[in-house]
Protein chains: 2
Amino acid sequence: MRQAFHEQLDAIFQDLAGMCGDVEEAVRLATAALLTGDSSLAEKVISSDAAIDHEREQIEDSAFMLLSLQQPVASDLRTVVAALRMVSDLERMGDLSVHVAKIARLRVPNLAVPEPMRPTVARMAEVAEEMCRRTASVITDRDVDGARELALADEEMDGLRRATFAEMLSADWEHGVEAAIDVALLGRYYERIADHAVSVANRIVFVVTGETPYAVEV
Amino acid sequence: MRQAFHEQLDAIFQDLAGMCGDVEEAVRLATAALLTGDSSLAEKVISSDAAIDHEREQIEDSAFMLLSLQQPVASDLRTVVAALRMVSDLERMGDLSVHVAKIARLRVPNLAVPEPMRPTVARMAEVAEEMCRRTASVITDRDVDGARELALADEEMDGLRRATFAEMLSADWEHGVEAAIDVALLGRYYERIADHAVSVANRIVFVVTGETPYAVEV
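Reading the values: the criteria
- Residues numbered from 1 in each chain as written.
- Chains lettered and ligands numbered in written order.
- Predicted model: local features only at pLDDT ≥ 70, side-chain atom pairs only at ≥ 80, totals over all residues.
- Heavy atoms only, no water.
- Helix = DSSP H or I, 4+ residues; strand = E, 2+ residues; numbered from the N terminus.
- Rg over C-alpha atoms; globule rule 2.2 N^0.38 Å.
- Buried < 20%, exposed > 50% of the residue type's maximum accessible area, 1.4 Å probe, protein only.
- Areas by Shrake-Rupley, 256 points an atom, 1.4 Å probe, with all protein chains shown as cover.
- Lys, Arg positive; Asp, Glu negative; His and termini not counted.
- Charge placed at Lys NZ, Arg CZ, Asp CG, Glu CD.
- Contact = heavy atoms within 4.5 Å.
- Disulfide = S-S within 2.5 Å.
- Salt bridge = Lys/Arg side-chain N within 4 Å of Asp/Glu carboxyl O.
- Buried area = accessible area lost by both parts, 1.4 Å probe.
- Polar contact = N/O pair within 3.5 Å; in protein donor to acceptor, adjacent residues only side chain to side chain.
- Nonpolar A, V, L, I, M, F, W, Y, C, P; charged D, E, K, R; others polar.
- Least-squares fit on C-alpha atoms with pLDDT ≥ 70 in both.
- Core = buried A, V, L, I, M, F, W, Y, C linked by side-chain atoms within 4.5 Å.

(A) Broad picture of the overall build of chain A. Across its full length, chain A holds six helices and zero strands. For chain A, the N- to C-terminal ordering of α and β elements is α-α-α-α-α-α. Computed over its C-alpha atoms, the radius of gyration of chain A comes to 19 Å, within 12% of the 17 Å expected for a compact globule of 218 residues. By principal-axis analysis of the C-alpha atoms, chain A measures approximately 65 × 35 × 20 Å. For chain A, buried positions account for 55% of its 218 residues. Working note: accessible area of chain A is about 8900 Å², and carbon and sulfur atoms make up 51% of it. One way to put it: in chain A the 21 positive side-chain charges average out to a point 3 Å from where the 39 negative ones average out.

(B) How the structure looks around the environment of B:Met157. For B:Met157, the location among the structural elements is in helix 5 (residues 144–169). Look past the residues within four positions of B:Met157 in its chain and what remains in contact with it is B:Met124, B:Val127, B:Ala128, B:Tyr190, B:Glu191 and B:Ala194.

(C) Representation of the state of the cysteines. One pass over the structure, following the stated rule, counts zero disulfides over all chains. The structure places no disulfide on A:Cys20, whose sulfur is separated from the nearest cysteine sulfur, that of A:Cys132, by 6.7 Å.

(D) A look at the pattern of salt bridges. Here the structure, examined in full by the defined rule, presents 36 salt bridges over all chains. As a salt-bridge pair, B:Arg28 and B:Glu25 come within 3.1 Å of each other at their nearest N and O atoms. Placement of the pair is B:Arg28 and B:Glu25 together in helix 1 (residues 2–36), with a separation of three residues, close to one helical turn. Of the charged contacts, one joins B:Arg105 and B:Glu43 as a salt bridge, the two residues approaching to 3.2 Å between their closest N and O atoms. A residue pair is termed long-range when its members are at least 10 positions apart, and B:Arg105 in helix 3 (residues 74–107) and B:Glu43 in helix 2 (residues 39–70) qualify at 62 residues. B:Arg105 gets classed as partly exposed once you look at its relative accessible area, which sits at 34%. Taking relative accessible area as the criterion, B:Glu43 reaches 35% and is therefore assigned partly exposed. Here the salt bridges share partners, and the residues they tie into one network are A:Glu24, A:Glu130 and A:Arg133.

(E) Summary view of the side chain of B:Glu55. Of note, B:Glu55 is situated in helix 2. There is no salt bridge for the buried B:Glu55, and the closest opposite charge comes from B:Arg56, which lies 10 Å off by N-O distance.

(F) Summary view of unusual backbone geometry. Here A:Val108 and A:Pro109 are connected by a cis peptide whose omega angle stands at 10°. Within the element layout of this structure, A:Pro109 appears in the loop between helix 3 (74–107) and helix 4 (118–141). With phi around 45°, A:Gln71 is a residue other than glycine that occupies positive phi space. As for its position among the elements, A:Gln71 is in the loop between helix 2 (39–70) and helix 3. A:Gln71 gets classed as partly exposed once you look at its relative accessible area, which sits at 23%. Phi is positive for B:Ala74, which is not a glycine, with a value near 50°.

(G) Geometry of the interface of chain A and chain B. Facing 37 residues of chain A, the contacting portion of chain B comprises 37 residues. Between chain A and chain B, the buried area comes to about 3100 Å², and carbon and sulfur atoms account for 60% of it. Between chain A and chain B we count two salt bridges in total. When the shortest N-O distance is used, the salt bridge between B:Arg85 and A:Glu60 registers 2.9 Å. Remark: the boundary between chain A and chain B carries two residue pairs in polar contact (both at pLDDT 80 or more). Contributions of two or more residues to the side of chain A that touches chain B are made by helix 2, helix 3, helix 5 (144–169) and helix 6 (176–209) of chain A. Looking at the side of chain A that touches chain B element by element, the count peaks at twelve residues for helix 3 of chain A. For the side of chain A that touches chain B, the per-class residue count stands at 20 nonpolar, five polar and twelve charged.

(H) Spatial organisation of the side chain of A:Ser199. Residue and element names in this part refer to chain A. Tracing the chain through its elements places Ser 199 in helix 6. Judged by relative accessible area, which is 1%, Ser 199 ranks as buried. Side chain to side chain, Ser 199 and Asp 89 meet in a polar contact 2.9 Å long.

(I) Examining the relation of the copies chain A and chain B more closely. For these two chains of identical sequence, chain A goes onto chain B by a turn of 180° and a shift of 0.0 Å along the axis, with RMSD 0.0 Å. Considering both components of the superposition, the chain copies are consistent with a two-fold axis. Here 100% of the contact residues of chain A are again contact residues in chain B; the copies associate through an equivalent surface.

(J) Region of interest: the nonpolar core. Of all hydrophobic cores here, the largest spans 156 residues; its most connected members are A:Leu34, A:Tyr190, B:Leu34 and B:Tyr190. Not counting residues within four places of it along the chain, the set of residues in contact with B:Leu34 comprises B:Val100, B:Ile103, B:Ala104, B:Leu111, B:Ala112, B:Val113, B:Val121, B:Leu186 and B:Tyr190.

None of the figures reported here should be taken as evidence of function without further support.
Structure follows, in structure tokens:
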């Protein structure tokens, strides 16, 4: 019984790690759409979100099955419930990638992000993708140290977002209100992707150590 | 056993409805801070968020206890898991009220929202508060029809947000980039509060009917 439980739980965690990979791809394509104005990439992210939602449904069904049939208690129960939360975080990360793609699509054939701001936005996207990648290995390896390192990447994200505000509010900003709104919302979306990655990683810390690192959802 | 289960479940649902009331108050105070520039109101929202987080912890603990001790299956299990999701939504609504309060605080002694935009933002806040209030009674009365009506309120919210964009992007906008960024982010926060309210209400529909109305988290 316990062995079956742990095998099924491992399968769920593998599926969660696989979902990280799909979210990372969504962030990558959405950002490519944003920085090249290629609407077909944006469409691909938007239409692929159904696949991420479907993964979520399958993982949820597996978790419910596990709860129903194995009736775990104590730390096993908490682990399954943590998996249900991780899958919600990952689905939201997919939704946020769709929001990025939609801003890209809205401005085609122009680019939403003004030229001087592109390196910062590109770096935000890189940090977000890197965080998805590391979250996958945190899940696969139950890597508590790796999870804690994600907090550092999240700090870089916050710093990048502050840099976008500083640039937009400087006297030199000559790209108007529309671009500022786009960049402010894009910054919010990348920041939230990073927050959710940290949240997933922290749930792994909780699963392994029984301790919650700190409140993550801000 | 079943009676004890249902009594404890009812207690959790009552606590969730109580949390809706606290979130509604947070939205109300954050908006008052925003539209009057009263920093003490903003501070109150920010410091009161710990109480909402504490409610979340208590409800989560009760739900885990129920899962561990009563080992529900089938629809009872799904109901407890739905309660765990609702509590996450409600906590996020509290966090989003804090975001509104922080924008208010950032601009004191000025007001973040330019004068001509205030009626629209005030209406967004009213819709959000009304949605919190109705979500509480949807939970208390397991009111499926009331839950479905929340979708209409959510449409009004989306329309108000579109109106803010139209105004900011019109040639008449003379309030600069900073105000536009503030209003764009505020609109996002109120819209997300509304989305989470719809999400909570839809989980009640699921608990009562076994059907998910439609995908809510966008």
